[in-house]
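The primary structure of each chain is shown beneath.
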Amino acid sequence: MANPGSDIMANPGSDAKPVSYSRTTLTELMIPSYANFGGRVHGGILLSLMDKVAYACAAKHAGTYCVTVSVDGVNFRQPVEVGELVSLMASVNYVGRTSLVVGIKVIAENVKTGTVKHTNTSYFTMVAKDENEKPTEVPPLLLETAEDARRFLESMKRKELRANFAEHFDNAKTRMLLSENLHLLANERCMLNRLNQD
Ligand SMILES: CC(C)(COP(=O)(O)OP(=O)(O)OC[C@H]1O[C@@H](n2cnc3c(N)ncnc32)[C@H](O)[C@@H]1OP(=O)(O)O)[C@@H](O)C(=O)NCCC(=O)NCCS
């Protein structure tokens, strides 16, 4: 049987860059000034570090300045404690024409006990910009492993589902008349005051 990927093999002259070329890891110690009032690390600190590593990874692949356009899958599964070492592992999962999706896995390690916890995996969509701030084409992605190919395919699916969701939600919003839907609030934990419907 022919290799299923043989018809999309990289040609020698292609400017495709392998996933491994831009793979980036950022490790940072969680210091006391990162803590919230509960003594754990602020979610915003982690988001900022994720944005930083996403930029480094995307800019390395694109070879140009990149901006963050959207973020998927930010669900913090476990809290991060002050004193833990947080590592953010980023790689380009997908490229479009001017956009790239950077997947970031975040782990937190307690160096005393050696315990490692996976706090979240998120996906940052970045767009490459030229010197006039216009979106500019990024190099194709060379998928070297089955894992690279799986992530690219998953990203395509996520993009399709996101577009479907946006379309359905926009349609639902335009059809949602306040007067016809107020009864849906009956079993929710809210109370209606006099509505100002200006
Ligand atoms: C993102 C931005 C460049 C899109 O500009 P635009 O004129 O709509 O450009 P395009 O329609 O050509 O889109 C460019 C790419 O962005 C992608 N894109 C645009 N909006 C998107 C969104 N909400 N989510 C995911 N991708 C998006 C498009 O699919 C396209 O990708 P492709 O070239 O790989 O197919 C523009 O909205 C922008 O500059 N936003 C501000 C980003 C920023 O400053 N971020 C930092 C926040 S402080």
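Preceding this section is the structure that the text describes.
First things first, this report covers the structure right here in the doc.

Rules of the game
- Residues numbered from 1 in each chain as written.
- Predicted model: local features only at pLDDT ≥ 70, side-chain atom pairs only at ≥ 80, totals over all residues.
- Pairing = 2+ DSSP bridges.
- Helix = DSSP H or I, 4+ residues; strand = E, 2+ residues; numbered from the N terminus.
- Axes fitted to C-alpha atoms, helices over the stretch in contact; angles between N-to-C directions.
- Contact = placed C-beta atoms within 7 Å.
- Expected span 1.5 Å × (residues − 1).
- Buried ≥ 20, exposed ≤ 12 C-beta atoms within 10 Å, placed from the backbone.
- Near = placed C-beta within 6 Å.
- Nonpolar A, V, L, I, M, F, W, Y, C, P; charged D, E, K, R; others polar.
- Core = buried A, V, L, I, M, F, W, Y, C linked by C-beta atoms within 7 Å.

**Considering the sheet that holds strand β4 (residues 85-95)**
Consider a sheet: its strands pair through backbone hydrogen bonds, and that pairing is either parallel or antiparallel.
Alright, step 1. Taken together, the 5 strands give an open sheet; going across it, the order is β2-β4-β5-β6-β3, and neighbouring strands pair in antiparallel fashion. Of all the strands in the sheet, the pair left with one neighbour each is β2 (24-29) and β3 (66-72). The sheet shows a mean angle of 30° between the axes of neighbouring strands, taken without regard to direction.
Alright, step 2. Here 10 bridges tie β4 to strand β5 (residues 99-109), and the two strands are oriented antiparallel to one another. Bridge pairing links Val86 to Ala108 in β5.
Alright, step 3. In the packing of helix α3 (residues 146-175) onto the sheet, contacts are made with β3, β4, β5 and β6 (116-128), and the angle to β4 comes to roughly 75°.

**Section: helix α2 (residues 43-62)**
Alright, step 1. The end-to-end C-alpha distance of α2 is 28 Å, a good match for the 28 Å that 20 residues give at a rise of 1.5 Å each.
Alright, step 2. Within the span of α2, buried status applies to Leu46, Leu49, Met50, Val53, Ala54, Cys57, Ala58, His61 and Ala62.
Alright, step 3. Residue Gly63 follows α2 closely and has a positive phi angle near 70°.

**Quick look at the site of the ligand**
Alright, step 1. In the vicinity of the ligand, the contacting residues are Val67, Thr68, Val69, Ser70, Gly96, Arg97, Thr98, Ser99, Thr125, Val127 and Pro135.
Alright, step 2. Counting only elements with at least two residues in the shell around the ligand, the list comes to β3 and β6.
Alright, step 3. It is β3 that provides the largest number of residues to the shell around the ligand, a total of 4 residues.
Alright, step 4. For the shell around the ligand, the class distribution of residues is 4 nonpolar, 6 polar and 1 charged.

**Topic: the nonpolar core**
Alright, step 1. By size, the foremost hydrophobic cluster in this structure holds 32 residues, and its most contacted members are Met50, Ala54, Ala58, Leu100, Val102 and Ile104.
Alright, step 2. Elements with a contribution of two residues or more to this core: α2, β4, β5 and β6.
Alright, step 3. Counting residues per element, this core draws most heavily on α2, which supplies 8 residues.

**Here we look at α3**
Alright, step 1. Between the first and last C-alpha of α3 there are 44 Å, a value that for 30 residues agrees with the 44 Å anticipated at 1.5 Å per step.
Alright, step 2. Judged by how many residues are buried, α3 sits mostly at the surface: 2 of 30 residues are covered.

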